[in-house]
Amino acid sequence: MKNINILDSNTIDKIAAGEVVERPSAVVKELVENSIDANADAVTIEIKDGGISFIRITDNGEGIDRSQIKKAFMRHATSKIKSVEDLISVTSLGFRGEALSSISAVGKVEFLTKTKTDFIGTRYVVEGGRECVFEDAGIPDGTTIIVRDLFFNVPARKKFLKSPSSEGNNITELIEHMILSHPNISFKYIYNGNVKLQSSGKNDIKSCIYNVYGRDIANGLIEVKSIRDDISIHGFIGKPELARATRNFEIYFVNNRFIKSTLIDRALEEAYKDYLMLHKYPTVFLYFEIPSHLIDVNVHPTKREIRFFEGEALKCYIVDVIKNALINKELIKEIVEEYHEKPSVKESEINKEPFETINHIIESSYNNYYSSEIEKEDESTDINDKNEQLTLFDDKFISEESIKKHRIIGQLFNTYWLIEFENKLFIVDQHAAHEKVNYERLIKKLRNNENCSQNIYPPIVVSLSNAEAQYVTKYNENFLNVGFTIEHFGGLDYTISTVPMELLSQNPADYFHEMLDELMEGKNSKETETVNLKIATMACKASVKGNMHLSVFEADKLISELLTLENPYNCPHGRPTIISFSKYEIEKMFKRIVN
Ligand code: ADP
Ligand code: MG
């Protein structure tokens, strides 16, 4: 049995001070954390009126020995630390010894507890800090605490509470995080008499996510798992399509404690930078195990913030782990995918015949497409074998490898290329793909400090507005870095004598104004690299706007190049470049496979 001690004043002074029970959700947080610290593996939380009139938490944990109960309700009474030194190695969720005393000071508390060794349990009632009852109670092992009429004796405080539904929502969110942070504990959450959330406690994070956030989110996750030195990161990160407009789905736990950290937020932002549009935030469920000497949890009374002693190294590590997970072929947006285990489809269960017909139609249309192209190139070519045909036009982009891997079926609506690739149908947005490929080539050159520019002769003259002229003058150096040589010609006229090599085929006059508009709309950054990247992004975006016609061969080059990129799945603005349907999904849509 653990002994409860009263902390000395020196320790008390070192503990982040502040009110911990300002609203019902804070009460629930403190009490559930007590149950977790008592090694419970089943916790039931029941609330009414947003927790204002009724909160009941029941656990099957260790309980408090009868001789220690009254002490537990004193200020600064805790069994979790003894002195300041213990703060360095504290691993429990609580340690301030203030929750029971503060809650019983502002509410009507009924506390029932029994340890394994106690013959009979105890019922202790404290209302507004006043002891009312201390008696035997026939109860199972564990602890139940009921808090009624919160702030009944502090009307000023009560006035500041929000509506019951809003206070209740805060509690629901808290329980969601509790379920995720402790997948090994079975939680049951009853809200105004109805079971709202329940978890199995079987230590299956994905099923916890499924229970709390539903199928769409559970289906869009990539697993991550990594250990470096003493630190481990595991959990799930959302594919880019799960992006949100707020950070509410950036959920992470450090040593099973739900926290908020600007350092981790920044790491997420950096890792997802190439995948998400501006002001979009990823969905992640990440679990960090960090040795207690590398963090300080004693920063904030609610312990929602912690300090990292080797923050920069941790940040780099996080970015690495997430980027690696994102560079994963499965990232291609699947149209439909089931969370549940897919049944393995037996060949014999699929009715082959109509399929062969469809394949035949697709193949013959493919051959027709190719034949017309090929005839233009070489009248004498035998057009019956498409693989052979492709090798005739051996090109540095179309390696033997990629021919085997992907097959262009044709183009849809003058925009989307349909491709068969490894048992899937891919649809590539030509514009997004083009933009992406141009951008990556340009960025590669920028990073390697290669010359990016190509002369245009004669230089073209553009007339700018005052604001545009100012912008161009201010960032002239950056434009030059990226490959644009812009010089004053007289009045508001400027000449452009070089453009980035990747954009050579485009006439800069066509897209220059649009590019400037976009650049000037955003926030002005001072960092050279940021400005350069922005110019490169906008230039690529603006330059592929026109409705360009690509032949199958050009498209094949483009797609081959796209597929060699580290992240082929999103254009520089985060828009998807590729979506896919798996054969399984197509067969399911045609009801050849029934779950
Ligand atoms: P702290 O959690 O910071 O130690 P609290 O005021 O929350 O302070 O609790 C005081 C003490 O009461 C705890 O240290 C613990 O020993 C005991 N206690 C509180 N709740 C429970 C519980 N549900 N089961 C077992 N012991 C508990
Ligand atoms: Mg506590």
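Residues numbered from 1 in each chain as written. Chains lettered and ligands numbered in written order. Predicted model: local features only at pLDDT ≥ 70, side-chain atom pairs only at ≥ 80, totals over all residues. Heavy atoms only, no water.

S.K.: Help me out: how do you make sense of the overall build of the chain in this one?
M.R.: Scanning the chain for helices and strands turns up 21 helices and 25 strands. Each of the 595 residues in the chain was classed as buried or not, and the buried ones make up 51%. (Helix = DSSP H or I, 4+ residues; strand = E, 2+ residues; numbered from the N terminus. Buried < 20%, exposed > 50% of the residue type's maximum accessible area, 1.4 Å probe, protein only.)

S.K.: How should I be thinking about the pairing of strand E6 (residues 121-127) in this particular structure?
M.R.: Consecutive side chains along a regular strand alternate between the two faces of the sheet. Burial runs high along E6: five of the seven residues are buried. Across six bridges, the pairing between strand E5 (residues 108-114) and E6 is antiparallel. Note that in E6 the partner of Thr-113 across the bridge is Thr-122. In sequence, E5 turns back onto E6 through a hairpin of six residues. As paired strands, E6 and strand E7 (residues 130-137) are joined by seven bridges and run antiparallel to one another. Opposite Arg-123, over in E7, you have Glu-135 as the bridge partner. (Pairing = 2+ DSSP bridges.)

S.K.: Help me understand the side chain of Ser-232 in this model?
M.R.: If you trace the backbone, Ser-232 turns up in strand E12 (residues 231-238). On the accessibility criterion, Ser-232 (14% relative accessible area) is buried. Setting aside chain neighbours within four positions, we find Ser-232 in contact with Ser-226, Ile-227, Tyr-287, Phe-288, Glu-289 and Tyr-317. (Contact = heavy atoms within 4.5 Å.)

S.K.: Would you take a moment to explain the site of ligand 1 for this structure?
M.R.: Residues in contact with ligand 1 amount to 19 residues; listed here are only the nearest, Asn-34, Thr-78, Ser-79, Lys-80 and Gly-97. The contact in question runs from a nitrogen atom of ligand 1 to an N or O atom on the side chain of Asp-59, over 3.0 Å. Contact with the protein chains covers 93% of the free accessible surface of ligand 1, which is 520 Å². If you list the elements that add at least two residues to the shell around ligand 1, you get strand E4 (77-78) and helix H5 (99-106). Residue composition of the shell around ligand 1, grouped by class: eight nonpolar, seven polar and four charged. (Near = heavy atom within 4 Å. Polar contact = N/O pair within 3.5 Å; in protein donor to acceptor, adjacent residues only side chain to side chain. Areas by Shrake-Rupley, 256 points an atom, 1.4 Å probe, with all protein chains shown as cover. Nonpolar A, V, L, I, M, F, W, Y, C, P; charged D, E, K, R; others polar.)

S.K.: Explanation requested: the sheet that holds E7 in the structure shown.
M.R.: Backbone hydrogen bonds are what pair the strands of a sheet, in a parallel or an antiparallel way. Ordered in space as E7-E6-E5-E8-E3-E2-E9-E10, the eight strands form an open sheet in which the pairing is mixed. Edge strands, defined here as strands with exactly one partner in the open sheet, are E7 and strand E10 (194-198). Sheet twist, expressed as the average angle between the axes of neighbouring strands with direction ignored, equals 15°. The pairing of strand E2 (residues 42-48) with strand E9 (residues 186-191) spans six bridges and is parallel. Looking across to E9, one finds that Val-43 is bridged to Phe-187. Along the sheet, H5 makes contact with E5, E6 and strand E8 (142-148), crossing E5 at roughly 140°. (Axes fitted to C-alpha atoms, helices over the stretch in contact; angles between N-to-C directions.)

S.K.: Sorry, what's going on with the pattern of salt bridges here?
M.R.: Note on pairing: side chains with opposite charge can pair once their charged atoms come close. According to the stated counting rule, one finds 25 salt bridges in the structure shown. A salt bridge links Lys-2 to Glu-62; its shortest N-O distance comes to 3.2 Å. Separated by 60 residues along the polypeptide, Lys-2 in the segment before strand E1 (5-6) and Glu-62 in the loop between strand E3 (54-59) and helix H3 (69-72) bring together distant segments of the chain. Accessibility expressed as a relative area gives 36% for Glu-62, which makes it partly exposed. Among the ionic pairs, Arg-148 bridges to Glu-110, the shortest N-O distance being 3.1 Å. Taken as a pair, Arg-148 in strand E8 and Glu-110 in strand E5 lie far apart in primary sequence, 38 residues in all. We classify Glu-110 as buried; its relative accessible area is 14%. (Salt bridge = Lys/Arg side-chain N within 4 Å of Asp/Glu carboxyl O.)

S.K.: Mind showing me how you'd approach the confidence of the model for the chain here?
M.R.: Atom-level detail of predicted coordinates should not be read off regions where pLDDT is low. Looking at the chain as a whole, its pLDDT mean stands at 81, while 83% of the residues score no less than 70. For the stretch residues 335-384, pLDDT sits under 50, and the model shows 69 contacts to residues farther than four places along the chain or on other chains. Across residues 386-400, confidence stays below pLDDT 50; counting only partners more than four residues off in sequence or on other chains, it has 29 contacts. (pLDDT = per-residue confidence, 0-100.)

S.K.: Which parts of the structure should I look at to understand the packing of aromatic side chains?
M.R.: Each aromatic ring pair is described using two quantities: the centre-to-centre distance and the angle formed by the ring planes. As enumerated under the stated definition, the model contains 13 aromatic pairs in all. For the pair Phe-73 and Tyr-124, a centre-to-centre distance of 5.2 Å together with 85° between the ring planes defines the contact as edge-to-face. Placement of Phe-73 in the loop between H3 and E4 and of Tyr-124 in strand E6 is noted, with a sequence separation of 51 residues between them. The residues Phe-73 and Tyr-124 share a single accessibility class, namely buried. With a centroid separation of 6.1 Å and 70° between ring planes, the pair formed by Tyr-189 and Tyr-191 is classed as edge-to-face. The ring centre of Phe-54 lies 4.7 Å from the NZ or CZ of Lys-48, which sits over that ring. (Phe/Tyr/Trp six-rings, centres within 6.5 Å; stacked < 30°, edge-to-face > 60°. Lys NZ or Arg CZ within 6 Å of the ring centre and 35° of its normal.)

S.K.: Just checking my understanding: could you explain unusual backbone geometry for this structure?
M.R.: Trans peptide bonds make up the majority, and among non-glycine residues the majority have a negative phi. Of note, the bond from Tyr-457 into Pro-458 is cis; its omega dihedral lies within 30 degrees of zero at -5°. Of note in the backbone geometry, Asn-192 takes a positive phi value of approximately 45° without being a glycine. When you line up the elements, Asn-192 lands in the loop between E9 and E10. A positive phi angle is found at Asn-256, which is not glycine, with a value near 65°. Taking relative accessible area as the criterion, Asn-256 reaches 27% and is therefore assigned partly exposed.

S.K.: Would you explain the nonpolar core in this entry?
M.R.: Soluble, globular proteins show a tendency: their nonpolar side chains are buried together. The biggest cluster of nonpolar side chains holds 60 residues, and the ones touching the most others in it are Val-28 and Ile-45. Per element, the largest residue contribution to this core is six residues, and it comes from helix H7 (residues 164-181). The next biggest cluster of nonpolar side chains, apart from the first, holds 38 residues, and it includes Leu-7, Val-90, Leu-268 and Ile-295. (Core = buried A, V, L, I, M, F, W, Y, C linked by side-chain atoms within 4.5 Å.)

S.K.: What am I meant to see in the packing of helix H15 (residues 430-447) against helix H20 (residues 552-564) here?
M.R.: Any two packed helices are characterised by the angle at which their axes cross and by the distance between the axes. One way to put it is that H15 packs onto H20 with a least axis distance of 10 Å and a crossing angle of 60°. In terms of their interaxial angle, H15 and H20 are classed as oblique. Considering only the axes of H15 and H20, their crossing is left-handed. Note on element contacts: H20 touches H15 through Leu-558, Glu-561 and Leu-562, opposite Gln-430, Ala-433, His-434, Lys-436, Val-437 and Arg-441. The residue inventory of the contact of H15 with H20, partitioned by class, reads four nonpolar, two polar and three charged. (Parallel < 35°, antiparallel > 145°, perpendicular 65-115°, else oblique. Left-handed = near helix turned anticlockwise from the far one by under 90°.)

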